[in-house]
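# Fold and contact review
In case you want the letters, here they are:
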Protein chains: 2
Amino acid sequence: MSRGHFIGLNHHRRMLADRERMAAYEAAITEAVRPGMRVLDLGTGTGVLALWAARAGAEVVAVEPHAVIEVARRVAADNGLADRIRFVRADSRELTLDAPVDLVVTECMGNFFVTDEMQPVLRDIPRHLAPGGVTLPHGISLHVAGATLPMWNELAFWEEPVGGFDFSGALDFARQSAYVVAAEPELLVTAPMCVAQFGLVKSPDEFSLQASMEVLHRRTIHAVLGWFDAQLTPDVVLSTRPGTRTHWGQTAFSVPATSVEPGDVVEMEIELVMDAELKSRWAWRGVIRRPGRDDVPFSADTAMRFGGAA
Amino acid sequence: MSRGHFIGLNHHRRMLADRERMAAYEAAITEAVRPGMRVLDLGTGTGVLALWAARAGAEVVAVEPHAVIEVARRVAADNGLADRIRFVRADSRELTLDAPVDLVVTECMGNFFVTDEMQPVLRDIPRHLAPGGVTLPHGISLHVAGATLPMWNELAFWEEPVGGFDFSGALDFARQSAYVVAAEPELLVTAPMCVAQFGLVKSPDEFSLQASMEVLHRRTIHAVLGWFDAQLTPDVVLSTRPGTRTHWGQTAFSVPATSVEPGDVVEMEIELVMDAELKSRWAWRGVIRRPGRDDVPFSADTAMRFGGAA
């Protein structure tokens, strides 16, 4: 027996093995691309979006800052599409195109859409886009819902002595974190709620989301989950809601473990804040209102960066 | 059901839950520290080495560049040791101590010992050390052995079409990687071999390791595994060899999947190279000699950095 993880191409393998992602993007690109269109693929990775666009008849420029672009180049050549895709190893913001493009495709979304790396890149898209040009995805919506999470029991690790010392103080820090989970819909304890909708290019640098979620089930709530739906084309949506099997999963914003029941309400504000180094962080606060029982206020902030691997 | 991973303190939780690491360091620190000694803990993390040293009667300075030091500070206070440990959030190379220390403790080792982050820190230790002062660990040995790895079948992913394209070209890139595994000793197909021994402070920036490993079992070889043994004190060794259950595991340097049998020999050279950005990378080459059958030469280089999470 051996367990282990692949360092090299594993992240890309996981994305390519994500059937929901693959099916949605293939359908959307095939629908959106007409022969002769000019397409820009931002963050091409192993190149599969560029390959689909080229196969549909586009002239493609595929940009990627990392060495993985050599994999994409090789695969394009092996599939006879090297003359239809120009690969550029660069930060796309340093890129100057000969002519603007009709379509920008990308899939560099984080678990709750926002990532440090991509926000400035998205903002830069209009520079490359011809009049009437579009982005794929062209719209994003953000959703939240309260959930019970069995894995939360891992936090109990800190309640037992470690190395002969009381480590329970670490719990306060562990609860300040946003986590990545892949939850089943049965775990939701509140109604899901759409808290934001915006265009890909217009995704905000900083925002504040408000949610008031009605409790549907008597259960313990551990976290509020956040996820995105990406409208790839008018006909194709890629959703990362609980129950989907994408590699994205959902972001879990912790709340104090609290027993809730129908009639209770979770009120919450989630803020996206840019710190001085232009790294985004999440801050959230709110209250679990339980008519006839004590309200449970909560607040947290991912300003703490703990270092080390995930 | 939910699966997921904790971003925040998870890495530190895994280290604290590593019983072999914990038992070895607790025994070693308890053995090495005498009341009144001055101890420097490099990269204290959640602070457990510093806590053991303080409990054994030392005056401790604990250094850590990341926010996790706030967890250590809190835990030290909760355990009544705040007055015996001075926590300093800094790169230790920026640190100036009032007086040199008798003992430097650290556990910032990578899977095959070397890490980008720690080599310069280790080199800087003598500046803090009193005459006659020692390091814990004080010696490191590196070991290698050929192995068969069932997980290698994951590479077969690239042999099937992906998104309707031939992605088999990615295999050449996937095989240029070093992987992290946790292998059982039954998977070894050659005798293990010690290829280097050095003091903690004298760990080299660049080196070239030579190995000639005799095949013991008729099996398929997929990789040569590398691991370290750390001599913490004269009495305590922390080993990460196959079969141990540490969070380190072993580094797997890939070779072409090849059937081997007793009498065959794997000859190999592993080079640690610093690139222009002072990031270390591995390069390895060698030959699988099979008397009466074709030799199998191989070479690889982790110069490719693929970006994205592991």
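The model shown is predicted, which means the values in this text are computed figures rather than measured ones.

## Comments concerning the overall build of chain A
- Per the secondary structure count, chain A includes six helices and 16 strands.
- Radius of gyration (C-alpha) of chain A: 22 Å, near the 19 Å computed for a compact globule of 310 residues.
- In chain A, of all internal contacts separated by at least 6 residues, the share reaching a separation of at least 24 is 73%.
- Split by element, the accessible area of chain A, about 12,500 Å² in all, is 51% carbon and sulfur.
- Each charge class in chain A was averaged separately, 29 positive and 40 negative side chains, and the resulting centres sit 4 Å apart.

## Section: the sheet that holds strand S10 (residues 207-214) of chain B
All names here are of chain B.
- Within the open sheet, the four strands sit side by side as S10-S14-S15-S16. Their pairing is antiparallel. Looking at which strands have only one partner, the edges of the open sheet turn out to be S10 and strand S16 (296-301). Within this sheet the neighbouring strands show an average axis-to-axis angle of 10 degrees, counted without direction.
- Relative to strand S15 (residues 280-289), strand S14 (residues 265-274) is paired through 10 bridges, and the arrangement is antiparallel. Looking across to S15, one finds that Glu267 is bridged to Val287.

## Regarding the domain arrangement of chain A
All names here are of chain A.
- Under the domain assignment, chain A is made up of domain 1 (9-107) and domain 2 (140-304).
- Here the C-alpha centroids of domain 1 and domain 2 sit 33 Å apart.
- Taken residue by residue, the interface counts 13 residues in domain 1 and 13 residues in domain 2.
- When domain 1 packs against domain 2, the two sides together hide about 1,000 Å² of surface, and 66% of this comes from carbon and sulfur.
- The largest contributions to the domain 1 side of the interface with domain 2 come from Asp18, Glu20 and Glu31, which together make up 42% of the buried area.
- Our count for the contact surface shared by domain 1 and domain 2 stands at zero salt bridges.

## A short note on the packing of helix H2 (residues 19-32) of chain A against helix H3 (residues 48-55) of chain A
All names here are of chain A.
- Their axes nearest at 9 Å, the elements H2 and H3 cross at an angle of 30 degrees. With respect to their mutual orientation, H2 and H3 come out roughly parallel. Crossing angle aside, the handedness with which H2 passes H3 is right-handed. On H3, the residues touching Arg21, Met22, Tyr25, Glu26 and Ile29 of H2 are Val48, Leu49, Trp52, Ala53 and Arg55.

## Regarding the pairing of strand S7 (residues 139-147) of chain A
Residues and elements named next belong to chain A.
- Most of S7 is tucked away: nine of the nine residues are buried.
- Two strands pair when backbone bridges link them, and S7 and strand S9 (residues 193-199) are joined in this way by six bridges, in the antiparallel orientation. In the strand pairing of S9, Ser141 is matched with Gln197.
- The pairing of S7 with strand S11 (residues 219-231) spans nine bridges and is antiparallel.

## Observations regarding the pattern of salt bridges
Residue and element names in this part refer to chain B.
- Evaluated as defined, the whole model comprises 31 salt bridges over all chains.
- A salt bridge links Glu261 to Arg218; the nearest nitrogen and oxygen atoms lie 2.8 Å apart. In this pair, Glu261 is assigned in the loop between strand S13 (250-260) and S14 and Arg218 in the loop between S10 and strand S11 (219-231), connecting sequence segments 43 residues apart.
- Here Glu261 ties to Arg293 by a salt bridge, and the two come within 4.0 Å at their closest N and O atoms. One end of the pair, Glu261, is in the loop between S13 and S14; the other, Arg293, is in the loop between S15 and S16, and 32 residues separate them in sequence.
- Under the relative-accessibility criterion, Arg293 is labelled partly exposed at 33%.
- Several salt bridges share partner residues, and in doing so they unite Arg218, Glu261, Asp264 and Arg293 into one network.

## Observations regarding the packing of aromatic side chains
Residues and elements named next belong to chain B.
- In total, this model carries 24 aromatic pairs over all chains according to the counting rule given.
- Between Phe112 and Trp282, the aromatic rings sit 5.3 Å apart at their centres with planes inclined by 50 degrees, giving tilted as the arrangement. Here the residue Phe112 occupies a position in the loop between strand S5 (101-106) and helix H5 (118-123), and Trp282 occupies one in strand S15, the gap between them amounting to 170 residues. We note that Phe112, like Trp282, is buried.

## What to know about the sheet that holds strand S6 (residues 129-136) of chain A
Residues and elements named next belong to chain A.
- Pairing is parallel across the open sheet formed by five strands, whose spatial order is S4-S3-S2-S5-S6. Edge strands, defined here as strands with exactly one partner in the open sheet, are strand S4 (85-89) and S6. Across the sheet, the axes of successive neighbouring strands diverge by a mean angle of 20 degrees, strand direction being ignored.
- Across five bridges, the pairing between strand S2 (residues 38-42) and strand S3 (residues 59-64) is parallel.

## Points about the environment of Ser280 of chain A
- Inspection of the secondary structure assignment puts Ser280 of chain A in strand S15 (residues 280-289).
- Sequence spacing of Ser280 of chain A and Glu206 of chain A is 74 residues, and the spatial spacing of their C-alpha atoms is 8.3 Å.

## A few points about the side chain of His128 of chain B
Residues and elements named next belong to chain B.
- Tracing the backbone shows His128 in the loop between H5 and strand S6 (129-136).
- On the accessibility criterion, His128 (4% relative accessible area) is buried.
- Residues within four places of His128 in sequence aside, it is in contact with Leu40, Ser92, Leu95, Leu97, Pro100 and Val101.

## Thoughts on helix H4 (residues 69-78) of chain B
All names here are of chain B.
- Of all the positions in H4, only Ile69, Val71, Ala72, Val75 and Ala76 are classed as buried. Burial along H4 is one-sided: seen end-on, the buried residues are contained in an arc of 150 degrees.
- Phi turns positive one or two residues past the end of H4, at Gly80, with a value near 70 degrees.

## Remarks on the environment of Ala54 of chain A
Residue and element names in this part refer to chain A.
- Take Ala54: it is sitting in helix H3.
- With relative accessibility at 4%, the residue Ala54 sits in the buried group.
- With 21 residues separating them along the chain, Ala54 and Val33 place their C-alpha atoms 8.8 Å apart.
- If sequence neighbours within four positions are ignored, Ala54 has contacts with Val60, Leu81, Arg84 and Ile85.

## Side note on unusual backbone geometry
Residue and element names in this part refer to chain A.
- For the peptide bond that leads from Leu136 to Pro137, omega is 5 degrees, which places it in the cis range.
- Residue placement: Pro137 occurs in the loop between S6 and S7.
- The phi dihedral of Phe113 is positive, around 75 degrees, even though this residue is not glycine.
- Among the secondary structure elements, Phe113 is positioned in the loop between strand S5 (101-106) and helix H5 (118-123).
- Phe113 sits in the buried class, given a relative accessible area of 1%.

Parameters and conventions
- Residues numbered from 1 in each chain as written.
- Chains lettered and ligands numbered in written order.
- Predicted model: local features only at pLDDT ≥ 70, side-chain atom pairs only at ≥ 80, totals over all residues.
- Heavy atoms only, no water.
- Helix = DSSP H or I, 4+ residues; strand = E, 2+ residues; numbered from the N terminus.
- Rg over C-alpha atoms; globule rule 2.2 N^0.38 Å.
- Contact = heavy atoms within 4.5 Å.
- Areas by Shrake-Rupley, 256 points an atom, 1.4 Å probe, with all protein chains shown as cover.
- Lys, Arg positive; Asp, Glu negative; His and termini not counted.
- Charge placed at Lys NZ, Arg CZ, Asp CG, Glu CD.
- Pairing = 2+ DSSP bridges.
- Axes fitted to C-alpha atoms, helices over the stretch in contact; angles between N-to-C directions.
- Domains from an automatic or database assignment.
- Buried area = accessible area lost by both parts, 1.4 Å probe.
- Salt bridge = Lys/Arg side-chain N within 4 Å of Asp/Glu carboxyl O.
- Parallel < 35°, antiparallel > 145°, perpendicular 65-115°, else oblique.
- Left-handed = near helix turned anticlockwise from the far one by under 90°.
- Buried < 20%, exposed > 50% of the residue type's maximum accessible area, 1.4 Å probe, protein only.
- Phe/Tyr/Trp six-rings, centres within 6.5 Å; stacked < 30°, edge-to-face > 60°.
- Arc of directions from axis to C-beta.

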